[in-house]
Amino acid sequence: MKHRTGHGGPEEGEAPAARETDVIVVGAGPTGLLLAGDLAEAGLGVTLLERRPATISNLTRALAVHARTLEQLDARGLADELVAGGHRLSALRLFGDAAFDATRLRSRFPFVLITPQFEVERLLERRARRAGVAFRYDSEVLGLDQDADGVTVRFRTAEGLGSLRAVYAVGTDGVHSTIREAIGLPFPGKSVIRSLVLADVRLAQEPESPFTVDANDDAFALIGSFGDGWYRAIGWNRHRQADDDAPADLAEVRECARLALGRDYGMYDARWVSRFHSDERQAPEYRVGRVFLAGDAAHVHSPAGGQGMNTGLQDAANLSWKLAAVLRGHSPESLLDSYQAERHPVGKQVLRSSGALIRVALLHTAPWRVVRTLGARLFNHLGPLARRAMRTVSGIGIAYAAGPGAHPLAGRRAPDLHLADGSRLYALLRQGKFVLITPADEAGGLRPAADRVVTASWRSDRRTALLVRPDGYIAWATDATAPAERATALRSALLQWTGAAPEDGGSIGTTRTAALTAPAHAADTPGGR
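In short, a report on the structure.

Rules and cut-offs
- Residues numbered from 1 in each chain as written.
- Predicted model: local features only at pLDDT ≥ 70, side-chain atom pairs only at ≥ 80, totals over all residues.
- Heavy atoms only, no water.
- Helix = DSSP H or I, 4+ residues; strand = E, 2+ residues; numbered from the N terminus.
- Buried < 20%, exposed > 50% of the residue type's maximum accessible area, 1.4 Å probe, protein only.
- Contact = heavy atoms within 4.5 Å.
- Areas by Shrake-Rupley, 256 points an atom, 1.4 Å probe, with all protein chains shown as cover.
- Axes fitted to C-alpha atoms, helices over the stretch in contact; angles between N-to-C directions.
- Parallel < 35°, antiparallel > 145°, perpendicular 65-115°, else oblique.
- Left-handed = near helix turned anticlockwise from the far one by under 90°.
- Nonpolar A, V, L, I, M, F, W, Y, C, P; charged D, E, K, R; others polar.
- Core = buried A, V, L, I, M, F, W, Y, C linked by side-chain atoms within 4.5 Å.
- Phe/Tyr/Trp six-rings, centres within 6.5 Å; stacked < 30°, edge-to-face > 60°.
- Lys NZ or Arg CZ within 6 Å of the ring centre and 35° of its normal.
- Polar contact = N/O pair within 3.5 Å; in protein donor to acceptor, adjacent residues only side chain to side chain.
- Pairing = 2+ DSSP bridges.
- Right-handed = clockwise from strand over helix to strand, strands pointing away.

1. Comments concerning the overall build of the protein chain
Reasoning step 1: Summing up its helical and strand segments, the protein chain has 13 helices and 24 strands in all.
Reasoning step 2: Within the span of the protein chain, comprising 529 residues, buried residues form 56% of the whole.
Reasoning step 3: Taking contacts inside the protein chain between residues at least 6 apart in sequence as the whole, the part at least 24 apart equals 70%.
Reasoning step 4: Carbon and sulfur atoms make up 51% of the accessible area of the protein chain, which totals about 21,500 Å².

Following this line, the structure appears as structure tokens:
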């Protein structure tokens, strides 16, 4: 079947052009950069098309990097450098007294990192270039065609019209995605908040926290530090609603801050000011044939909780290893269907949670403000509820359905386990492979395909065998103690997930019996540390 989308293209029946690369990624924001870097590090040909000229930086709005995103960056050797240049927040206060405490997260990163989006992009772009991604800036995508063999993307540059053919294409080109439009997907939803003003400013007085935010019946304001003397300020004034193209200036930003925070900290020297609105929208499908959507091209929501960039980066981490496995012949093409199955529900969940947060923050009648205040106090005193909320916002609590009969840990996030040889799980994941963790007395007899699986042993005496996906989620686990049963289960899991069984037929032995005790947050504690 031939999909014809966009403008122009080959005539019906014309032979498709030869493939020029493996994957075309459209959009050089954080999502596209991580995805392209992953694919290039897997040895694939990747071309990244970006409409902006290379000399024009992206208009970035994100400030918060959550724990799960830092874990994904750690699996790429980037987290420590990013953390070193940012501010760590132990709690994320969203309005009034309500706060999400991050210190109890069972992660190597029990905090919210405040750092500008362009710092995340800088590290991801450097990695992508080193991996061999071909960057094509000043390339405006016009449309695409796809058939049974591949995708042809058409674009315009300063030199004229061009086209590029690949096996797959991924649209990471934001809320106004040309790729989403080209494949005919709607973007249903609505505006949740209008006339937000955004500015980068200097402050005469330093705020009490690197991330200051509050709301009342008149306004909302947020001030976040870049760490270099500049601050990102976002404001909203209920009584000053204007269209996106209406002029915005520093005086309006200062007014929002005074209304919501009680002071404007002496804002001055704005290097730019912009007005925008925040939508809640989600594409019904993240895949049409050989074309995928990720990040804001697939879902967009309110800024409450700082989940936008983080969700997009985790989309990319989920999709990249699957594309690599299919393109390298390790997995069937049907594996790519799991991207929609796993990430679409997450996008829907983020829309709901961020939407609820912003609506509660902007309650303006006196009775509802009382309810909000009491609710915030109750929230802070109910430990299990507060911890669950932080696990959701941080991404640590995200899990994927594993199917009937699967082990309780399957589909859940694997924490950064410390292993017998002194290594860490997320350091091993930097190889872009599955990680198989077994008891030490079994590891010597295993010979899984070395180009697909890294083997490691528990530091403890745990008997669970665990197979961790390249994106840090648990693909499979077993507590079987009978040698034959364990061997069969492991062989089947390796064949299913990596496309290759152990060279020795999967014969492993066990000498002790152990049962897995799954605590309330089992995905945080498989094996201890």
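2. Concerning the packing of helix H1 (residues 30-41) against helix H7 (residues 308-327)
Packed helix pairs are specified by the crossing angle of their axes together with the interaxial distance, meaning the distance between the axes.
Reasoning step 1: At a closest axis distance of 8 Å, the pairing of H1 and H7 adopts a crossing angle of 25°. Classified by the angle their axes make, H1 and H7 are roughly parallel. For the pair H1 and H7, the sense of crossing is right-handed. Residues Pro30, Thr31, Leu34, Leu35, Asp38 and Leu39 of H1 form the contact with H7, whose participating residues are Met309, Gly312, Leu313, Ala316, Ala317, Leu319, Ser320, Leu323 and Ala324.
Reasoning step 2: In terms of residue class, the contact of H1 with H7 is built from eleven nonpolar, three polar and one charged.

3. A short note on the nonpolar core
Reasoning step 1: One finds Leu70 and Trp476 to be the most contacted residues of the largest nonpolar core, which totals 84 residues.
Reasoning step 2: For this core, the leading source of residues is H7, giving ten residues.
Reasoning step 3: Ignoring any residue separated from it by four or fewer positions in sequence, one finds Trp476 in contact with Leu436, Ala465, Leu466, Leu467, Ala489, Leu490, Ala493 and Trp497.
Reasoning step 4: In this structure, Ala102, Leu105, Val112 and Phe211 belong to the second largest nonpolar core, which totals 29 residues.

4. Side note on the packing of aromatic side chains
Both the distance between ring centres and the angle between the ring planes are used here to describe each pair of aromatic rings.
Reasoning step 1: Counted by the stated rule, this structure contains nine aromatic pairs.
Reasoning step 2: Geometrically, the ring pair formed by Phe292 and Tyr339 is edge-to-face, given 6.2 Å between the ring centres and 70° between the ring planes. Of the two residues, Phe292 is situated in strand E19 (residues 291-293) and Tyr339 in helix H8 (residues 337-361); the sequence distance between them amounts to 47 residues. Across the pair, exposure class does not vary: Phe292 and Tyr339 are buried alike.
Reasoning step 3: Following the ring pairs from residue to residue traces out a cluster consisting of Tyr168, Tyr286, Phe292 and Tyr339.
Reasoning step 4: Geometry around Tyr168 places Arg290 over its ring, the cationic atom sitting 5.2 Å from the centre.

5. Side note on the packing of helix H2 (residues 67-74) against H7
Reasoning step 1: Closest axis-to-axis distance for the H2/H7 pair is 9 Å, and the angle between their directions is 40°. In this view, H2 runs oblique relative to H7, as classed from their interaxial angle. H7 is crossed by H2, and the crossing has left-handed handedness. The segment H2 lies against H7, with Arg68, Thr69 and Gln72 engaging Asn310, Leu313, Gln314 and Ala317.
Reasoning step 2: Taken together, the residues of the contact of H2 with H7 break down into two nonpolar, four polar and one charged.

6. Focus: the environment of Thr478
Reasoning step 1: Relative to the helices and strands, Thr478 is located in strand E24 (residues 474-478).
Reasoning step 2: Using a relative accessible area of 10% as the deciding quantity, one classes Thr478 as buried.
Reasoning step 3: Thr478 sits twelve residues away from Leu490 along the chain, and the two C-alpha atoms are 8.2 Å apart.
Reasoning step 4: Those residues within four positions of Thr478 in sequence are excluded, and the remaining contacts are His407, Arg463, Thr464, Ala465 and Arg486.
Reasoning step 5: In this structure the side chain of Thr478 is engaged in a polar contact, spanning 3.1 Å, whose partner is the backbone nitrogen of Ala480.

7. Thoughts on the pairing of strand E3 (residues 46-49)
Reasoning step 1: Side chains Val46 and Leu48 project from E3 onto one buried face, and the interleaved Thr47 and Leu49 project onto a second face that is buried too.
Reasoning step 2: Strand direction decides the pairing type here: strand E2 (residues 21-26) and E3, joined by four bridges, are parallel. For Val25, the partnering residue across the bridge sits in E3 and is Leu48.
Reasoning step 3: With respect to chirality, the unit in which E2 leads through H1 into the neighbouring parallel E3 is right-handed.
Reasoning step 4: As judged from the three bridges shared by E3 and strand E9 (residues 134-136), these two strands associate in the parallel manner. Paired with Leu49 across the strands is Arg136, a residue of E9.

8. Side note on the side chain of Arg76
Reasoning step 1: Examined against the element boundaries, Arg76 turns out to sit in the loop between H2 and helix H3 (79-84).
Reasoning step 2: A distance of 2.7 Å separates a polar atom in the side chain of Arg76 from a polar atom in the side chain of Asp38.
Reasoning step 3: Not counting residues up to four positions away in its chain, the partners in contact with Arg76 are Leu34, Asp38, Arg127, Ala317, Ser320 and Arg430.

9. What to know about the pairing of strand E12 (residues 160-171)
Reasoning step 1: The pairing of E2 with E12 spans five bridges and is parallel. Paired with Ile24 across the strands is Ala169, a residue of E12.
Reasoning step 2: One ladder, built from seven bridges, connects strand E11 (residues 151-157) with E12; its direction is antiparallel. Bridged to Arg154 within E12 is Ser163.
Reasoning step 3: Connecting E11 to the next strand, E12, in antiparallel fashion are two residues.
Reasoning step 4: Sheet topology note: the E12/E19 ladder contains three bridges and is parallel. Paired with Val170 across the two strands is Phe292, which belongs to E19.

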